[in-house]
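Structural description and commentary
If you want the building blocks of each chain, they are given just below.
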Amino acid sequence: MKVPVTVTVNGQVYQREVEPRMLLVHFIREVLGLTGTHVGCDTSQCGACVILMDGKAVKSCTVFAVQADGAQITTIEGLARDGQLHPLQEGFWEMHGLQCGFCTPGMILAAYDLLQRNPNPSEEEIRRALEGNYCRCTGYHNIVRAVRYAAEKLRVQA
Amino acid sequence: MATRYFGVAMKRREDPRFITGRGTYVDDLTLPGLVYAAMVRSPHAHARIKAIHKEKALQHPGVIAVFTGKDMVDSGVKSLPCGWLLPDMKLPPHYPMAVDKVRHMGEIVAVVIAQDRYTAEDAAELVEVEYEPLPAVADGAKALQPGAPAVHDEAPDNVCFRWSIGDKEKTDEAFRRAHRTVKLELVNQRLIPNAIEPRAAMAQYNPATDEYTLWVTSQNPHVHRLLLAAFVLGIPEHKLRVISPDVGGGFGSKIFLYPEETIVTWAAKQVGRPVKWTARRRESFVSDAHGRDHITEAELAVDEKGKILGMRVKTIANLGAYLSTFAPAIPTYLYATLLSGQYEIPTIYCEVTGVFTHTTPVDAYRGAGRPEATYVVERLMDRMARELGEDPAEFRRKNFIPPDRFPYQTPVALQYDSGNYEGALNRALEMVNYKELRRQQEELRKQGRYIGIGLSCYIEACGIAPSQVVGSLGAQAGLWESALVRVHPTGKVTVYTGSHTHGQGHETAFAQIVADELGIPIEDVEIVHGDTGSVPFGMGTYGSRSAPVGGSAIVLSLQKIKEKARKIAAHLLEAAEEDVVFEDGKFYVKGVPDRFKTFQEVALQAYLAHNYPPGLEPGLEASSFYDPKNFTFPFGTHICVVEVDPETGKVKILRYVAVDDAGRIINPLIAEGQVHGGIAQGIGQALLEGAIYDENGQLLSASMLDYALPRADDLPSFEIDHTVTPCPHNPLGVKGIGETGTIAATAAVANAVMDALAPFGIQHLDMPFTPEKIWRAIQTARTA
């Protein structure tokens, strides 16, 4: 039995029929073909699948696609606007905040959520806010710098 | 040649695709008609397979096929090979799926192929396997005890190999005449790599051409192709193309040929449709090759002056249930050969027993043998310094190999090419303000605060080589690297490297080398890797070999390109070849720099061949295979400062300072990133990580909930510097930096924690230093 869902992803409306048990992350990756959102675990620990749902960071492996019915979703593919990288994307690039790139989309969107709540976070606040996102490559050192870079740039822009 | 890119902290050229979600990992790929594989895995560590009933699974809607180990073996599939053989080593067969017995939890017994991921997983639960559970043993030392359950009939005592290095008699003699000796019993616990991208494989078979394509998360696609084709599936090598696209971290775990990609490739032909498998994280925990798992007795002997006389080491290395691709090399040639560390040690003797257990196979994990060696050496150095009442930094300094002794022959086979160990130590001590720090430590102890300072002076050996030597030691492969440089008619350049990047930034660092050598803009250089269909051959990326070996191969090809281009330029300039100078991308006649031909003009002429040297072939490309003359030997000093809270047992890292010498640095931004990540994994082992098996061989730490990986708030920011002692025997002077952090950090943290606990009289604890373990140790010490 399939049920209809309507979601807006990166500004585009999608209507699809899905199994009720389908995870949102699989819906995004396999039904919509947006593969920037990754799956790194099966226990909601790693954060590679973080997206923004109605403006808030969620682990899309812990949400059923049907629960996203009517939601506004932003994935990593939708973060840059008009060819302009978001300051977080820029920060990760400038500060070498990524190596293999696998955790990066989730990391950037989790940091996006943080900067919405706290535009000027300390190192400790950044580290605490990102503790739900694993990175095995960078040791987080440059991720912290990347988030600070973005925070500063966003404050200047505001 | 003017350097414009080498040594510059350029931001990475590969990043735009990753920060915008346009990377392409194996699980992102799809094909028309794609079907999915789900593995049926054993819940038992050791059991006889009495029967496998496929019927219910086959009746499930959407299921296409169910295969067992017997189906594969009956069709001619062979055992997965082991790529490193030691004398008298037992090599029991390792089939992609268990045939008669399962020997570790998570071993595959059947595969279900279905139209989608969810259906395949559902049906995997419908495969009924009748097991007769058998007693199991997970611990390396227990597996050696008489009466322990045997993992393989071929090795009834569970011994895979007994191996030794060094002079036993001379070492025993050194201990007999020693002024002082210390002994440590060390457990280097088993780790689970946990690259954030789970392993994945997708295979396609084309019956019209009899060709296979396998997309796989691999650090070395040519090695995968060779092993799969020639040893396991019997596919002609030229009929199998292996592509390893973007890979989400490896740390060793994606070197090896695993059952899953073998099953998927084989099954694609059986079902006539492309097949994909992606590990769930729980599968990664039980099927990715694990790391470390040593039990060691280590002793150090010194004379009256505190100079080291000898070292004696006995190690039990748990290899798991089967020999993974390079497993025998890790606790032998990559471990015991490093036991001299940075020190003048007249004699060393080390015995290693490789043991089978009912656990997931163990193989190379970041550092691979070298972190284990550093842990032994640096714990012994600290323990002896304390025994002698000497400062640990000064005790090390006194025993360093002095800079004028290079090349230095150790008693455990290696010949170090270069080193200046005191330079790195001094810089690290200066960075932490060591004397003042010791004074503060003293002060704070009076206030009941327990600060610990830990040093780790490490040596690494990377770019394992030359091939002839590794062959004599048991390697079943050469360890050179290849590079094809193709100059296009417009002067743009494509480099096909046998190295593979899965986070290391080759697309930037290698391009920096090429752009400098040819004097062209970096935008004109493309680095291609990870596809056996385009790259001539490659041994891949592991053991910090990409820069020293892969990079050197590129340089060799560039030299050939420049030689040929000079011939063409000389012809165009109507000058003698030896009079033509190449500088900043221009060929000119010596002394007449304004009469020149650009690299691009020469490239064009190479393809037009209109105005061309007689007898010279058209075209401008060159291929090279670089076989290093020796290992490279990065070294450095790391210092960790911790505070232990005696009320909770929690360790907080206050500072982490790293001074590394990896020779010349191609891109400092990337190099520092490698050090950061390495340190994090080293700290992870010291404080958090550890695979736990119960008595029955059940892996209890089989998810990210149960296995503690370092999170952002577990780690500090790191303070990094480096010294530069160029490698004397490769054309770039580089040594490799991918593993230094992991090799150094574990011992630095361990020594810091033990230093903090010294006032309690605690001399040694095994890792990981969890709050509970430390709290209990303090309570025990206080009541004693």
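Let me sum up the structure you'll find in this document. (Residues numbered from 1 in each chain as written. Chains lettered and ligands numbered in written order. Predicted model: local features only at pLDDT ≥ 70, side-chain atom pairs only at ≥ 80, totals over all residues.)

**What to know about the overall build of chain A**
- The number of helices and strands found in chain A is 5 helices and 5 strands.
- Mapped in sequence order, the helices and strands of chain A form the string β-β-α-β-β-β-α-α-α-α.
- The C-alpha atoms of chain A give 15 Å as radius of gyration, which agrees with the globular expectation for 158 residues (15 Å, within 12%).
- Reported as C-alpha extents along the three principal axes, the dimensions of chain A are approximately 50 × 30 × 25 Å.
- In chain A, which comprises 158 residues, the proportion classed as buried is 56%.
- Sequence separation of 24 or more characterises 59% of the internal contacts of chain A that already satisfy a separation of 6 or more. (Helix = DSSP H or I, 4+ residues; strand = E, 2+ residues; numbered from the N terminus. Rg over C-alpha atoms; globule rule 2.2 N^0.38 Å. Buried ≥ 20, exposed ≤ 12 C-beta atoms within 10 Å, placed from the backbone. Contact = placed C-beta atoms within 7 Å.)

**Some points on the packing of helix α2 (residues 87-94) of chain A against helix α5 (residues 141-157) of chain A**
Residues and elements named next belong to chain A.
- Where α2 meets α5, the closest approach of the two axes is 8 Å, and the angle between their N-to-C directions is 140°. As judged from the angle between their axes, α2 and α5 are oblique. For α2 against α5, the interelement crossing comes out right-handed. Contacts between α2 and α5 pair P87, L88, G91, F92 and E94 from the former with A146, V147, Y149, A150, K153 and L154 from the latter. (Axes fitted to C-alpha atoms, helices over the stretch in contact; angles between N-to-C directions. Parallel < 35°, antiparallel > 145°, perpendicular 65-115°, else oblique. Left-handed = near helix turned anticlockwise from the far one by under 90°.)

**Topic: the sheet that holds strand β3 (residues 50-53) of chain A**
All names here are of chain A.
- With mixed pairing, the 5 strands of this open sheet are ordered in space as β2-β1-β5-β3-β4. In the strand order of this sheet, the two ends are held by β2 (12-18) and β4 (56-59), each with one partner. Sheet twist, expressed as the mean angle between neighbouring strand axes with direction ignored, is 40°.
- Here 4 bridges tie β3 to β4, and the two strands are oriented antiparallel to one another. For L52, the partnering residue across the bridge sits in β4 and is A57.
- In the packing of helix α3 (residues 104-117) onto the sheet, contacts are made with β3 and β4, and the angle to β3 comes to roughly 40°. (Pairing = 2+ DSSP bridges.)

**Describing the interface of chain B and chain A**
- Counting residues at the interface gives 43 residues for chain B and 43 residues for chain A.
- Elements with a contribution of two residues or more to the side of chain B that touches chain A: α1 (15-19), α9 (281-287) and α18 (668-688) of chain B.
- At 7 residues, the largest contribution of residues to the side of chain B that touches chain A is made by α18 of chain B.
- Split by residue class, the side of chain B that touches chain A holds 18 nonpolar, 13 polar and 12 charged. (Nonpolar A, V, L, I, M, F, W, Y, C, P; charged D, E, K, R; others polar.)

**Thoughts on unusual backbone geometry**
Residue and element names in this part refer to chain B.
- With omega at -5°, the peptide bond leading from A465 into P466 counts as cis.
- Structurally, the position occupied by P466 is in the loop between β18 (450-459) and α14 (467-473).
- For the bond running from M767 to P768, omega is -5°, close enough to zero to count as cis.
- Assignment of secondary structure puts P768 in the loop between α19 (740-757) and α20 (771-783).

**Looking at helix α8 (residues 259-271) of chain B**
Residues and elements named next belong to chain B.
- End to end, α8 covers 18 Å across 13 residues, agreeing with the expected 18 Å (1.5 Å per residue, within 8%).
- For α8, the buried fraction is high: 10 of the 13 residues fall into the buried class.
- Those residues of α8 not exposed but buried are P259, E260, E261, T262, I263, V264, T265, W266, A267 and A268.
- Where α8 ends, the next residue or the one after it, G272, has phi of about 70°, a positive value. (Expected span 1.5 Å × (residues − 1).)

**Section: the pairing of strand β20 (residues 493-497) of chain B**
Residue and element names in this part refer to chain B.
- The element β20 is extensively covered by neighbouring structure, given that 4 of its 5 residues are classed as buried.
- Of the pairings in the sheet, the one linking strand β19 (residues 481-487) to β20 comprises 5 bridges and is antiparallel in character. Bridging across to β20, A483 finds its partner in T497.
- Taken together, β19 and the strand that follows it, β20, pair antiparallel across an intervening segment of 5 residues, in which G491 is found at a positive phi of about 90°.
- Handedness of the crossover joining β20 and strand β21 (residues 525-528) through helix α15 (residues 506-518) is recorded here as right-handed. (Right-handed = clockwise from strand over helix to strand, strands pointing away.)

**A short note on the sheet that holds strand β13 (residues 291-302) of chain B**
Residues and elements named next belong to chain B.
- With respect to topology, 5 strands assemble into an open sheet ordered β7-β15-β14-β13-β8, the strand pairing being mixed. Looking along the sheet, the strands with just one partner apiece sit at the ends: β7 (159-166) and β8 (180-191). Pairs of neighbouring strands in the sheet enclose a mean axial angle of 10°, with direction left out of account.
- The pairing of strand β14 (residues 308-320) with strand β15 (residues 347-356) spans 10 bridges and is parallel. In the strand pairing of β15, I316 is matched with T353.

**Some remarks on the pairing of β13 of chain B**
Residues and elements named next belong to chain B.
- The buried count for β13 comes to 11 of 12 residues, which makes it a mostly enclosed element.
- Pairing of β8 with β13, which is carried by 11 bridges, proceeds in the antiparallel orientation. Residue pairing for β13: T181 is matched across the bridge by A301.
- Bridging between β13 and β14 involves 9 bridges; their strand directions are antiparallel. Residue E299 lies in a different strand from β14, and its bridge partner there is R312.
- A loop of 5 residues connects β13 with β14, the two strands running antiparallel in sequence, and G306 in this loop sits at a positive phi of about 80°.

**Some thoughts on the packing of helix α16 (residues 546-573) of chain B against helix α17 (residues 599-608) of chain B**
All names here are of chain B.
- One way to put it is that α16 packs onto α17 with a least axis distance of 9 Å and a crossing angle of 95°. One element, α16, and the other, α17, form an angle in the roughly perpendicular class. Listed contacts from α17 to A565, I568, A569 and L572 of α16 are F599, V602, Q605 and A606.
- The class makeup of the residues in the contact of α16 with α17 is 7 nonpolar, 1 polar and no charged.

**Brief notes about helix α10 (residues 370-388) of chain B**
Residues and elements named next belong to chain B.
- With 19 residues, α10 extends 27 Å between its outermost C-alpha atoms, agreeing within 8% with the 27 Å of an ideal straight helix rising 1.5 Å per residue.
- Most of α10 is tucked away: 16 of the 19 residues are buried.
- Looking one or two residues past α10, G389 carries a phi angle of roughly 70°, positive in sign.

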